[in-house]
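Okay, here's what each chain looks like letter by letter:
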Amino acid sequence: MTTPTRREGITVQRIGDETVLHDGGSKLAHVVNQSAAWIWDRIDGTSSTDDIADQLVREFDVPTEIARRDVVAVTDEFRRLGLLD
Amino acid sequence: MSSASPRADGAVERPTHEAVYDVLGVRVRLVSGARTSIDLIDESFGVFRMADNEGAEQIIELRADAALDLMDQLVHTVISSLHRRGLYAIHAASVAHRGRALVLAGPSGAGKTTLALALAALGFELLSDELAVLDPASGLVHPYRRRLHVRPGTPELVRGLERIGLRERRDLGGDIAWAVAQEEVGLPAGGPRPLGGIIILLPRTEALPEPRLTAIGSGRAALELLRGTPAASVDFSGALRAIGPCVSATRCALLEASEPMATAAALVTWFEATPDD
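Notes on the structure in this doc start here. (Residues numbered from 1 in each chain as written. Chains lettered and ligands numbered in written order. Predicted model: local features only at pLDDT ≥ 70, side-chain atom pairs only at ≥ 80, totals over all residues. Heavy atoms only, no water.)

### Here we look at the overall build of chain B
Now for step 1: Counting secondary structure elements, chain B contains seven helices and 15 strands.
Now for step 2: Summarising its shape, the C-alpha atoms of chain B cover approximately 70 × 45 × 30 Å along the three principal directions.
Now for step 3: Sequence separation of at least 24 residues holds for 70% of the intrachain contacts in chain B that already meet a minimum separation of 6.
Now for step 4: Summing over all exposed atoms, chain B offers an accessible surface of approximately 12200 Å²; the carbon and sulfur share of this is 52%.
Now for step 5: In chain B, 28 side chains carry a positive charge and 34 a negative one; their mean positions are 2 Å apart. (Helix = DSSP H or I, 4+ residues; strand = E, 2+ residues; numbered from the N terminus. Contact = heavy atoms within 4.5 Å. Areas by Shrake-Rupley, 256 points an atom, 1.4 Å probe, with all protein chains shown as cover. Lys, Arg positive; Asp, Glu negative; His and termini not counted. Charge placed at Lys NZ, Arg CZ, Asp CG, Glu CD.)

Okay, structure coming up:
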């Protein structure tokens, strides 16, 4: 369990069903789907991955283990892309 | 127009040649030290020639071998001026059918011009083979009627263009061999049309037996369009914010092309199945 924090300089643009995260530092842009965008929206520097997974369980009625696994996987990917501190 | 004048020491200044162009309301006066430079640019941009240079931006290049540099500067000036007016010049071909524009984007050499010409041979209106001028505020794609730039190999692939390949080849940069007016090949020209579809051409890596169209989301389509939009290199976020709404309202797909006329026929089916807004 971690408490992810967004890096500064990342802008968010919703385009249709997709979301574009633009890193002003690296000049890279990343297209994410609705699920990943939902998780991104809840990364606020105070919510842990378990907290976000619990919200996922409440909103979408998914099993807790699956929710935690998915949130960790998505935040790991955000970290790999340099979008998190 | 050319000019030459004596200097105070009696020597005669080298003559300069000039031409004024009005491209989508952007006025540019080119001055060159070589007549051949202006002649070469006229082959592509002659349709935009004006007699009056009032309010024109000036581009001066006196080197005799600078024709292609001069052409690049002309296009860059036009694109920058259009951006200041809120228009985005996307490196893409554009055609129109049943009142809606279809933008064909992709890297150089992916086959945008060939596909645009093939669609025109099937009755689409041709808006441009190089720049899709998008007005995000209205959602309209404007025509850009510079002469078509045709590479060797294309005339043999598109119905009605065969005789173009028999002409003397020119060096217009980027492997372009011919600048062809739309009227010369009987292609219908279109006016501004609302955006109705976006196709991203993938570079050809193998000969496909038939074309492949794969739906993509509008976020990915917007990024691919901005890849070929000079204004996005200046202000990416601003460009994405500007074009996002009209892209999100448009059906988008990746295209792996096969033989041009077969690919065009597949696109006609795809585009006609796209619902109107």
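Resuming the write-up.
### Looking at the nonpolar core
Residue and element names in this part refer to chain B.
Now for step 1: Among the nonpolar cores identified, the biggest contains 33 residues, and L102, L104, L115, L117, L119, I199 and L267 are the most heavily contacted of them.
Now for step 2: Among the secondary structure elements, those contributing two or more residues to this core are strand 6 (88–97), strand 7 (100–105), helix 3 (112–121), strand 11 (148–150), strand 12 (178–180), strand 13 (193–201), strand 15 (251–256) and helix 7 (260–272).
Now for step 3: When residues no more than four places from it in sequence are discounted, the contact partners of L102 are A93, S94, V95, L119, F124, G197, I198, I199, L267, W270 and F271.
Now for step 4: Counting residues in hydrophobic clusters, the runner-up holds 32 residues, among them L134, A221, L240 and L254. (Core = buried A, V, L, I, M, F, W, Y, C linked by side-chain atoms within 4.5 Å. Buried < 20%, exposed > 50% of the residue type's maximum accessible area, 1.4 Å probe, protein only.)

### Things to note about helix 3 of chain B
Residue and element names in this part refer to chain B.
Now for step 1: Burial within helix 3 is extensive, with nine of its ten residues counted as buried.
Now for step 2: For helix 3, the complete set of buried residues consists of K112, T113, T114, L115, A116, L117, A118, L119 and A120.
Now for step 3: Within two residues after helix 3, G123 carries a phi angle of roughly 105°, on the positive side.

### Regarding the packing of aromatic side chains
The geometry of an aromatic ring pair is captured by two quantities: the separation of the ring centres and the angle between the planes.
Now for step 1: Going through the model one piece at a time under the given rule, you end up with six aromatic pairs over all chains.
Now for step 2: Between W38 of chain A and F60 of chain A, the ring centres sit 5.6 Å apart and the planes meet at 75°, which makes this aromatic pair edge-to-face. Here the residue W38 of chain A occupies a position in helix 1 (residues 34–41), and F60 of chain A occupies one in helix 2 (residues 49–60), the gap between them amounting to 22 residues.
Now for step 3: Given a relative accessible area of 45%, F60 of chain A falls into the partly exposed group.
Now for step 4: On the numbers, 6.1 Å between centres and 40° between planes, the contact of F124 of chain B with F271 of chain B is tilted. Of the two residues, F124 of chain B sits in the loop between helix 3 and strand 8 (125–128) while F271 of chain B sits in helix 7, which places them 147 residues apart along the sequence.
Now for step 5: On the basis of relative accessible area, F271 of chain B is assigned to the buried category, the value being 0%.
Now for step 6: Through successive ring pairs, a cluster of aromatic residues spans F45, F48 and Y144 of chain B.
Now for step 7: Here R42 of chain A stacks its cationic end above the ring of W38 of chain A, 3.8 Å away from the centre of that ring.
Now for step 8: Lying over the aromatic face of F271 of chain B, R100 of chain B brings its terminal NZ or CZ to 4.6 Å of the ring centre. (Phe/Tyr/Trp six-rings, centres within 6.5 Å; stacked < 30°, edge-to-face > 60°. Lys NZ or Arg CZ within 6 Å of the ring centre and 35° of its normal.)

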